[in-house]
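# A structural walkthrough
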Amino acid sequence: MKKIFYLFMVISLISCNKGIPERPCTNCPPETDLNNINVSILIDLSDRIDPETNPNPTMQYFQRDVEYIKAIEKGFLNHIKSKKIITYDDQMQVFFNPEPSDPKINDFTKELKVSFDKNTQKSYFALVDKKYSELPLNIYQSAIKDGNYVGSDIWEFFKNKVKDYCIKDDKRNILFILTDGYMYHENTKFAEGNKTSYLTSTLIKANHLTTSDFKNTIEKNSYGFVKANDNLSNLEVIVLGINPEKGNPFEEAVIKEYWENWFKEMKIKKYEIKSADLPSNLEPIILKSISGKN
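The rules behind the values
As a convention, each chain's residues are numbered from 1 in the sequence order in which they are written. At least 70 in pLDDT is required for a residue's local features to be given in this predicted model, at least 80 for side-chain atom pairs to be given and counted, and no such filter applies to totals for whole chains, interfaces and linings, which use all residues. Remark: hydrogens and water are excluded; side-chain values derive from all non-hydrogen atoms of the structure. Think of a nonpolar core as a cluster: buried Ala, Val, Leu, Ile, Met, Phe, Trp, Tyr and Cys residues, connected wherever their side-chain atoms sit within 4.5 Å. The classification of residues rests on relative accessible area computed with a 1.4 Å probe and restricted to protein chains. Under 20% of the type maximum is buried, over 50% is exposed, and intermediate values are partly exposed. Per the convention used, a helix needs a DSSP run of H or I reaching at least four residues, while a strand needs a run of E reaching at least two, with both numbered from the N terminus. Here, residues are in contact when the closest pair of their heavy atoms is within 4.5 Å. Cavities and pockets were defined on a 1 Å grid built from protein atoms only: a cavity is a group of points that admits a 1.4 Å probe but offers it no way out, a pocket is an open group of points flanked by protein on both sides within 12 Å along at least five of seven lines, and a lining residue is one with an atom within 4 Å of any such point. Grid points are joined across faces, edges and corners, and a volume is the space filled by probe spheres set on the points. Gly counts as polar in this scheme, as do all residues outside two lists: the nonpolar Ala, Val, Leu, Ile, Met, Phe, Trp, Tyr, Cys and Pro, and the charged Asp, Glu, Lys and Arg. A carboxyl oxygen of Asp or Glu within 4 Å of a side-chain nitrogen of Lys or Arg is what we treat as a salt bridge. Pairing between two strands is assigned when DSSP locates at least 2 bridges connecting them. When the strands point away from the viewer and the path from the first strand over the helix to the second turns clockwise, the crossover is right-handed. Working definition: rings of Phe, Tyr and Trp (its six-membered ring) pair if their centres are within 6.5 Å, and the pair is stacked with planes under 30 degrees apart, edge-to-face with planes over 60 apart, and tilted otherwise.

### Thoughts on the nonpolar core
One finds I41, I43, F76, Y132, Y140, F176 and I286 to be the most contacted residues of the largest nonpolar core, which totals 40 residues. If one sorts the elements of this core by residue count, helix α2 (residues 61-81) sits on top with nine residues. Once residues lying within four places of it in the same chain are set aside, the contact partners of Y140 are I43, L45, R48, I49, F62, D65, V66, I69 and L178. Counting residues in hydrophobic clusters, the runner-up holds 38 residues, among them F157, C166, I177 and F214.

### A closer look at empty space enclosed by the protein
Taken as a whole, this structure holds one cavity of 30 Å³ or more when the rule is applied. Within this model, the largest cavity holds a volume of roughly 30 Å³. Around the largest cavity sit R48, Y61, R64, D65, Y68, G241 and A276, which together line it. Sorting elements by how many residues they give to the lining of the largest cavity places α2 first, with four residues. Here the lining of the largest cavity is built from residues that sort into three nonpolar, one polar and three charged.

### Quick word on the pattern of salt bridges
This structure, assessed with the given rule, holds 15 salt bridges. Between K227 and D230 there is a salt bridge, with its nearest N and O atoms 3.3 Å apart. The shortest N-O distance in the salt bridge between K256 and E252 comes to 3.3 Å. Here K256 pairs with E252, and both are found in helix α9 (residues 251-265), just four residues apart, close to one helical turn. By relative accessible area, K256 is classed as partly exposed at 21%. Owing to a relative accessible area of 27%, E252 belongs among the partly exposed residues under this scheme. Shared partners join several salt bridges into a network, and the residues in it are D44, R48 and D65.

### A closer look at the layout of surface pockets
The space that makes up the largest pocket amounts to roughly 550 Å³. Space inside the second largest pocket adds up to approximately 340 Å³. Contributing to the lining of the second largest pocket are 16 residues, with V94, F95, E99, T109 and Y165 lying nearest its centre. At the level of elements, β2 (89-95), α3 (103-111) and α6 (162-166) are the ones that each hand at least two residues to the lining of the second largest pocket. Per-element accounting of the lining of the second largest pocket gives the leading share, four residues, to β2. For the lining of the second largest pocket, the per-class residue count stands at five nonpolar, five polar and six charged.

### Side note on the pairing of strand β9 (residues 270-275)
Bridging between strand β8 (residues 235-242) and β9 involves six bridges; their strand directions are parallel. Paired with I242 across the strands is S275, a residue of β9. After leaving β8, the chain enters α9 and then returns to the sheet as β9, a path that is right-handed.

### Notes on the packing of aromatic side chains
As enumerated under the stated definition, the model contains 20 aromatic pairs in all. Taking 6.0 Å as the distance between ring centres and 70 degrees as the angle between the ring planes, the aromatic pair formed by F157 and Y165 counts as edge-to-face. Residue classification places F157 among the buried residues on the basis of a relative accessible area of 0%. On the basis of relative accessibility, which here comes to 36%, the residue Y165 falls in the partly exposed class. Ring plane angle 40 degrees and centroid distance 6.4 Å describe the contact between F214 and F250, whose orientation is recorded as tilted. On the criterion of sequence distance, the pair formed by F214 in helix α8 (residues 214-221) and F250 in the loop between β8 and α9 is long-range, its members being 36 residues apart. Residue class for F214 comes out buried when judged on its relative accessible area of 9%. Among the aromatic residues, ring-to-ring pairing joins F158, F225, Y258, W259, W262, F263 and Y271 into one connected group.

Structure (structure tokens):
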């Protein structure tokens, strides 16, 4: 009889415990919601955008950038509109590194930092669209008028700012970089062995990366960018506007190889590197990268 009693008690305890919810993990990182996106745009405001230094009769490079940004904004809004209002938790912002000296440009940047949540009014969509239709062009026009092209310190941005500025633990993080692919800033120019924090056409020539065998030369001599960060696996990167100098038929491929190897070393799993092209050709790629559809 005692055995039956004890068995009954054990079964009762097991049944009761099944109804007790598990305690939440207090030390666990927040769960990533891939349907909530955090889009960042890093703009290279070096002399690559100068219509006098780097003219393009088909479509000036600063005008291409403006259209790329419009396409990014379009993809961002399309994504939000595809969700239920109660699930809105998305943001988008624009960065420069270093910040331009013109305070007007920095004011424009603040206006371009936008976010959506469940309390967002429907009219906000039109306001964001208006901002992204007008302000990016104002930024480029101000920079060109100022004419003080300080370069773009992309390496330092990845070293010291990308985690704080562009990565949210609970979101899908997408960083667009608008650049010609060269990387140079006088305040961050150094080398560690054969790896450098910069890439110029002069360096490509000096490293003899001017033949079809450039990949073997890069691998043999360990050429590339110095690693700027250890683990950026929760960041997707899309580079737009690669524009090599003329004279070396392999220059564009060398630039892309540098960037690809750099991303892989920093554990960036998802990335795209696209050449400067007409916005109509790149818009489908931009929209697809934001929607996350393969």
